[in-house]
Amino acid sequence: MHQGWLILPSIFEGMGLNIPHNVLFSWFVLLVLVLMGTMVTKKLSLVPSGLQNFFEIVIGGLEDFVVANIGEAGRKVFPILCTIFIYIWFMNLTGLLPGFDAPTANINTNAAMAIVVFLYYNYWGIKEHGFGYIKHFLGPVSFIAPLMFVIEVISHISRPLSLTLRLFGNIRGEEIVLILLFTLAPVVATLPMYFLFGLAKTIQAFIFFMLTMIYLKGSLEHAH
Amino acid sequence: MIFNLKNKSGGALEMLLNATTIGLHLVTATFVGLAIGYFLDKWLCDIGWCTKPWMTILWLVCGIAAGFKNVYLEVKRIQKAQEKDDDARRNPPKD
């Protein structure tokens, strides 16, 4: 199906490349983030202004939040947490630009990120505790340990699934509502929704970030 | 800080955050349990050791238990956060 109102896919289709929309738009977000990063780090000043100010507030606030929740151990996992928040946030917000589609409205993007999170927190658990990481799965009492092991394995596998579905459902739903409202009353009906969805998309990015942080906290601390 | 959601909206945003996380945790664990049981049954039948409905039922029950465990942990986390909050309100930090 050809969708002429989506800018990037039209360009790439014109070039004869058939790349899925969500991949294209997440490349776009990556490009924007890399450009912003180079722009900020090129001229760092002690008294921040403009873009540097914005990034210092976001990253500084996130770091305080992570260290307050995980403790000092949180500093070594902070880079990926911050990346997740900013990346998802920008991906969600691209859905509000005319001519763009949110990559997170496609379940594949979210599943990829959720699987990365799943592997990453288990990696830290194994790195921190070695074979003793299995204690996280056995529960507090020894005689129900086999049952607890089964339940814990199910609940761990359910984590990436719930991360994926929550983000996908929310963002996809917002996109659909925007389209429906636009067909009802162009621009007039969609404009107020932008404020609500701008907030909701930020909250969804924050929820993904916060759950990742909670999972990492669980794998970093000792089992009890 | 900007991520201190509580100060701006009186805790409504944080409650929204908690409310949206709890429901899916219950549901997804159930479905993971069901899927494991279903495909285990299928695979066991293929290798000629058929236990048709039983694995599905067993793993579904385990999945439901896991879902409730998830919700319980989530509630405990919220409770802890609220206690911390109440303490902070009762003994405000001195400047």
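Residues numbered from 1 in each chain as written. Chains lettered and ligands numbered in written order. Predicted model: local features only at pLDDT ≥ 70, side-chain atom pairs only at ≥ 80, totals over all residues. Heavy atoms only, no water.

Novice: Whenever I open this one, the interface of chain B and chain A confuses me. Can you help?
Specialist: A common way to express how large an interface is: the accessible area buried when the components associate. Facing 24 residues of chain B, the contacting portion of chain A comprises 26 residues. Counting each side, the surface lost to burial between chain B and chain A is near 2200 Å², with a carbon and sulfur contribution of 80%. Linking chain B to chain A there are one salt bridge. As a salt-bridge pair, Glu152 of chain A and Lys69 of chain B come within 3.0 Å of each other at their nearest N and O atoms. Run the count over chain B and chain A and you get three residue pairs in polar contact (both at pLDDT 80 or more). For the side of chain B that touches chain A, the elements supplying multiple residues, two or more each, are helix H2 (12-46) and helix H3 (52-90) of chain B. Of the residues forming the side of chain B that touches chain A, the biggest block, twelve residues, is contributed by H2 of chain B. (Contact = heavy atoms within 4.5 Å. Buried area = accessible area lost by both parts, 1.4 Å probe. Salt bridge = Lys/Arg side-chain N within 4 Å of Asp/Glu carboxyl O. Polar contact = N/O pair within 3.5 Å; in protein donor to acceptor, adjacent residues only side chain to side chain. Helix = DSSP H or I, 4+ residues; strand = E, 2+ residues; numbered from the N terminus.)

Novice: Honestly, the nonpolar core in this entry has me stumped. Any pointers?
Specialist: Nonpolar side chains tend to gather and get buried jointly when the protein is soluble and globular. Core analysis: the biggest nonpolar cluster contains 48 residues, and Val77, Phe85, Ile86, Phe208 and Phe209 of chain A have the highest contact counts within it. Those elements giving two or more residues to this core turn out to be helix H2 (21-42), helix H3 (51-70), helix H4 (74-94), helix H5 (107-129), helix H6 (145-184) and helix H7 (190-220) of chain A. Sequence-distant contacts of Phe209 of chain A, defined by excluding residues within four places in its chain, comprise Leu62, Phe65, Val66, Leu81, Ile84 and Phe85 of chain A. Core analysis: the next-biggest nonpolar cluster, separate from the first, contains seven residues, Ile154 of chain A together with Trp59, Cys62 and Ala66 of chain B among them. (Core = buried A, V, L, I, M, F, W, Y, C linked by side-chain atoms within 4.5 Å. Buried < 20%, exposed > 50% of the residue type's maximum accessible area, 1.4 Å probe, protein only.)

Novice: Whenever I open this one, the state of the cysteines confuses me. Can you help?
Specialist: Disulfides are covalent bonds that connect the sulfur atoms of two cysteines. All names here are of chain B. Throughout the structure, instances matching the rule amount to one disulfide over all chains. For Cys45, the disulfide goes to Cys50, at an S-S distance of 1.8 Å. Looking at Cys45, the relative accessible area reads 25%, which means it is partly exposed. In this structure Cys62 is a free cysteine whose sulfur lies 19 Å from that of Cys45, the closest cysteine sulfur available. Residue Cys62 is classed as buried on the basis of its relative accessible area of 12%. (Disulfide = S-S within 2.5 Å.)

Novice: Whenever I open this one, the environment of Gly173 of chain A confuses me. Can you help?
Specialist: All names here are of chain A. Topologically, Gly173 is positioned in helix H6. Residue classification places Gly173 among the partly exposed positions, given a relative accessible area of 29%. Separated by 68 residues in sequence, Gly173 and Ala105 place their C-alpha atoms 8.2 Å apart.

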